[in-house]
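Structure at a glance
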Amino acid sequence: MGLKITAAIIGDSGLVYNELFNLLKIHPMVTLVNIKNDRDELPVRKSDLLDGEGSAISKKNNNLVDLLFICGKSGSAKSFLNKNKLPKKIKIICLSGEFRTEATQLFEGRRFMYGLPELKKELIQKANNISLPGAMATCVTLGLLPIAHKKLLNDIYTTGIAGTTENHMIGNFGAGKKSHKINEVEVDADIVEKEIKRSLFHFSKDDNLSSIHFVPWKGEFPRGIFVTSQLKCTESLREMYYIFEKFYEDRSFIHISKEPVFLKKVLNTNNCFINLEKAGDILVIHTAIDNLMKGAAGQAIQNMNLMFGFDETLGLIESAKKQVSKK
């Protein structure tokens, strides 16, 4: 395990910010600090960090920061990095979604790695800048990666149901051919599909990757994402379970379940539960995550652990146990 690191969060006081801050506070290898520039304070909640646990850092000595998390709405990361020329030695994990595509992964001399650990663990370990996947794309993709690895993909029909916290997290991606409103926020399904395809292409290497038909829905529950994907598959259910279990055998947070998946299994954890069914020649994949954890703050901590040589689960298993003890 490496030395203890110093981290800071830039962003607003939204749900992801709160979750990330609480995870970092209990992480045994992190010291949280508040950042100030020479003229005014950057948008962080100083009440959280000036209570004896954090300290102010000016632009003149910001080399003391090892890692910067950027939260907030789309556009906030580019705005911040344009205004603040950070030393390249400061690593960045961006949660605002601005650097997820190949077209946007280069910015101000920094290359942002797509931070899905189950896909790019070894590359993340060497990365200096991470762009976190979207929560919905994470949930869908984790259910499809083993199939892409075995090159068994066919046309995919996916429905994603998100709790109300996810609805507040989703930014306006702009007008698209297939846009849906969840709690009055427009979600461009085309953007989510492209993000999923980028991950699946890692294994398929097929420019004519099978179509993904994705529809998001609003769930009448406060937190979590439940996804169901369907595609044609001639392999037996037993064979498919073996493929999934083999693919994820060394992935700490992925659990292949032969029992039905319920959101309560993943809430307040960084876990993803996957359950399979067969109906004739149709394979049905059920996937569930906590959108604020595996879909956001928890996945950010998982990436941080890999980047700095910590155990991948550090600060995440402990958080889940604390949540259980409160109930």
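Everything quoted here is computed from the prediction, not taken from an experiment.

So, how was this worked out
- Residues numbered from 1 in each chain as written.
- Predicted model: local features only at pLDDT ≥ 70, side-chain atom pairs only at ≥ 80, totals over all residues.
- Heavy atoms only, no water.
- Helix = DSSP H or I, 4+ residues; strand = E, 2+ residues; numbered from the N terminus.
- Buried < 20%, exposed > 50% of the residue type's maximum accessible area, 1.4 Å probe, protein only.
- Pairing = 2+ DSSP bridges.
- Salt bridge = Lys/Arg side-chain N within 4 Å of Asp/Glu carboxyl O.
- Contact = heavy atoms within 4.5 Å.

Our focus in this paragraph is unusual backbone geometry. A negative phi angle is the norm for most residues apart from glycine, just as the trans form is the norm for most peptide bonds. The phi dihedral of E108 falls on the positive side, at around 50 degrees, and the residue is not glycine. Its place among the elements puts E108 in the loop between β7 (106-107) and β8 (110-111). A positive phi angle, close to 55 degrees, is found at K151, a residue other than glycine. With respect to the helices, strands and loops of the structure, K151 is situated in the loop between α5 (135-149) and β11 (156-162).

Turning our attention to the pairing of strand β1 (residues 5-10). Of all 6 residues that make up β1, 6 are buried, and the element is covered over most of its length. Neither face of β1 is left uncovered, since the one carrying I5, A7 and I9 and the one carrying T6, A8 and I10 both have all their residues buried. Here 3 bridges tie β1 to strand β2 (residues 30-32), and the two strands are oriented parallel to one another. Counterpart to A7 in the pairing with β2 is L32. Sheet topology places β1 next to strand β5 (residues 67-70); 4 bridges connect them, and they run parallel. Along β5, the bridge assignment pairs A7 with L67.

Any two side chains of opposite charge can pair, on the condition that their charged atoms come close. The final tally for this structure, using the stated rule, is 7 salt bridges. For E19, the salt bridge goes to R223, with nearest N and O atoms at 3.0 Å. Note that E19 is positioned in helix α1 (residues 15-26) and R223 in the loop between β14 (212-218) and β15 (225-232), a separation of 204 residues in sequence. Residue R223 is classed as buried on the basis of its relative accessible area of 17%.

With that settled, consider the side chain of N303. Within the secondary structure layout, N303 lies in helix α9 (residues 297-307). Leaving out residues up to four positions away in the same chain, N303 has contacts with I93, G115, P117, I124, I130 and L132.

By themselves, these figures tell us nothing about what the structure is for.
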